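Examining the three-dimensional arrangement
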Amino acid sequence: MKIRKYVAPSVPQALQQLRDDLGDRAVILNTRNLTSEEGSRHGGARVEVTAGEETRPVATATAAGGLLGRTYGGSTPTDTKVPEEVSSPSPKLRSYQDWIVSLPSAEAPGPEAAAQPPLPTLRPRFTEADLDRVAPAPSSPPAIKMEATRIDAAARAAETDTQPMARQLRQLEQAVRRMARQSGSFELPPEVARLAESMRTARVENSLIDRVVQQLLRELGGQDLDEREVVTEKAVAVIESMLPPRCDIRIGKQRKIVAFVGASGSGKTTAAAKVAAGFVRRRQRKGESTEGEILIISTDSRRVGALAQSRAFAELIGIPLEMAHSVEDITEVLERYRNARLILIDTPGLGPHEMQEREHQRSIIEAAEVDEVQVVVDGLTGYEHMLDFVEASQTFASELRLLFAKMDEVVRPGAVLSSAVETGVPSSYFTTGPAIPGGISPGDLSRIAEWIAGRRERPFGTGD
C-alpha cells in the first residue's frame, strides 16, 4: 500500500481530491487540522488527509505527471508545489452556507468500477431540504456530520451488492466522523455564534444547542442573522417551543395527594413545607382555611433530624404532621384525615440505584394512591444525574412533575433547561432559600431560556 497525503482549505475539497485521484482504491488512514504555520506553507490549507492507495492493477495509467501535481480548488497533494495563483477559501457568507453536502446524482464509472456505486462526492450547496437534515454546531461542523450520515447510508445500501465497496465506505465514514470531533474551522454568523457560546457557558447540552442553531439558520436569513435582538428573540421562541408545559399543584373538590421524591439533600422537606405554607396563606386570605385540611406526612426514617425539621416546619405553618413508615401506617393516617383536601408526603432521600429502599417507598406511595409525584431536583445537580433520577422516579407514578430547588444558588442553569427538554416532564415550581413561608415561584422555564440567551438578568434571588 502506498501512502498519500492531501491538504486542502476544507474537508469537502480534500475528500473530493482524494476520490478523484484514487477512486475506490483509497483507504483513509488519518485526518488532522493543520497549524497556522503548516497551513501557510500550503496556500492557506486547513486540513490534512492521509490515505493509503491499494497496490493493484488499475484501468488507466498516467505518464507525464500522472496523478501527482494536480490542483483542485486551492488544494494540492503535499508532495507538489503550491501554485502562486491558489487563493484562500471562500468569503464569510459562504463559510456557513457551504456546509451543506450531497451525493452526486450520476457519474460515468471507470472500467473497474462498472459494477460498483461511486464513492460519495462532496459539493457545496444550500437548500431548504438540506437544512432539514443538518444540525450545525461550532464544535461539530454540520457538513462533516451530514457527510458521515450520507456515507453511512450509502455503505448500508452497498453491503448487499459489493462487500469491498462497503468496507471502503465505512472507512471513509469513520474518517469523516473523526474530523467532526477535531475540526473547528466552520464559522457561524457572529450573532448565532455568540448565542451558541452563551448556551455552552451556561452548560446547555450540545444536542440542544445544535437544535436551536439549526432552527435559527432555517428560519432567519440575510441581515436578520446579524441582528442580536432578532437572533435572541427567535432563539428564546425556539427553546420555548421545545419545553414541556408547566403544571402546578391544584386543589379541586376531590382530595389531592402529592408525594415528594428526590436525592438526599435535594430539598424535598423544605419544598413540601413551602408548598404547604403557600396553600395555607392563600386559604387564609380567602377566609376559607379550616383545621386539618392540609397535612404533611413524613416517611423519612433514614435521615438524622428529619422528624425534628418536619415538625418545626409544620408548627411554623400551623398544620398537622404525621409519620408513616409502612403501608399499614399510611393507610391508617389517610383514614384519620379523610377530610383533608391536600396531603403532602415527604419521602427519604434516595439514589437512583437504591432498589430495595425504592421498592419500599413505592409500596407506600401506591398504598396512598398519590395523584402526582414531585421529583425534587437540586438546581446544582449535573445533567446526567438529573436524567438518572427522573428515569428512576418513573417507578413511583406515571404523573411526574419537576420541582427545581435551590435555584438562587444556580449560576449555570443549562442542566435545568436541558433535562426538562430531554425528559419532557412538566415543571411545577422553583424554590429559593430556606425561608418558610416564601421562596417558591412558578416553574416557568421560559425565564431560564431568557436568562441563558441574555434577554434578561439572573431571575432568582434568595426569597424569590
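Bear in mind the structure is a predicted one, so any value in this text is a computation, not a measurement. (Residues numbered from 1 in each chain as written. Predicted model: local features only at pLDDT ≥ 70, side-chain atom pairs only at ≥ 80, totals over all residues. Heavy atoms only, no water.)

Concerning the packing of aromatic side chains
When we look at a pair of aromatic rings, we describe it by the centre distance and by the angle of the planes. What counts here: Planes of paired rings set the category: under 30 degrees apart is stacked, over 60 is edge-to-face and the rest tilted, where pairs are Phe, Tyr or Trp rings (Trp by its six-membered ring) whose centres lie within 6.5 Å. Note on geometry: a ring has a charge over it if NZ (lysine) or CZ (arginine) is within 6 Å of the ring centre and within 35 degrees of the ring normal.
All told, the structure shown has 3 aromatic pairs when counted by the stated rule. A centroid spacing of 6.4 Å and a plane angle of 70° characterise the contact between W451 and F460, whose relative ring orientation is edge-to-face. Three or more aromatic residues link up through ring pairs in this structure, and these residues are F404, F430, W451 and F460. Here the guanidinium or amino end of R358 rests over the ring plane of F389, the centre of that ring lying 5.4 Å away.

Some points on the packing of helix α7 (residues 190-201) against helix α9 (residues 228-242)
Let me state the cut-off plainly: In this description, a line fitted to the C-alpha atoms serves as the axis of each element, helices being fitted only across the stretch in contact, and the angle between N-to-C directions of two axes falls anywhere from 0 to 180 degrees. To qualify as a helix, a DSSP run of H or I must reach at least 4 residues; to qualify as a strand, a run of E must reach at least 2; elements of each kind are numbered from the N terminus. Under this scheme an angle from 65 to 115 degrees is roughly perpendicular, one under 35 degrees roughly parallel, and one over 145 degrees roughly antiparallel; angles in between are oblique. By convention, the crossing between two helices is left-handed when the near helix turns anticlockwise from the far helix through less than a right angle, and right-handed when the turn is clockwise. By definition, residues are in contact when any of their heavy atoms lie within 4.5 Å.
Relative to each other, α7 and α9 sit at 45°, their axes nearing to 9 Å. One way to sum up the angle between α7 and α9 is to call them oblique. Crossing angle aside, the handedness with which α7 passes α9 is right-handed. The segment α7 lies against α9, with E191, V192, R194, L195 and M199 engaging R228, V231, T232, A235 and I239.

Some words on the sheet that holds strand β6 (residues 294-298)
Basically, it comes down to this: Strand pairing requires that DSSP identify at least two bridges connecting the strands.
In spatial order, the strands read β7-β6-β8-β5-β9-β10-β11-β12; together these 8 strands make up an open sheet with mixed pairing. Edge positions in the open sheet fall to β7 (321-323) and β12 (440-442), since each of these has one partner strand only. If you compare each strand with its neighbour and ignore which way they point, the axes differ by 25° on average. Alignment of strand β10 (residues 400-405) against strand β11 (residues 427-431), held across 2 bridges, turns out to be parallel. The residue bridging F404 from the neighbouring strand is F430, located in β11.

Description of the environment of P190
Checked against the element boundaries, P190 lands in helix α7. Separated by 38 residues in sequence, P190 and R228 have C-alpha atoms that sit 9.1 Å apart.

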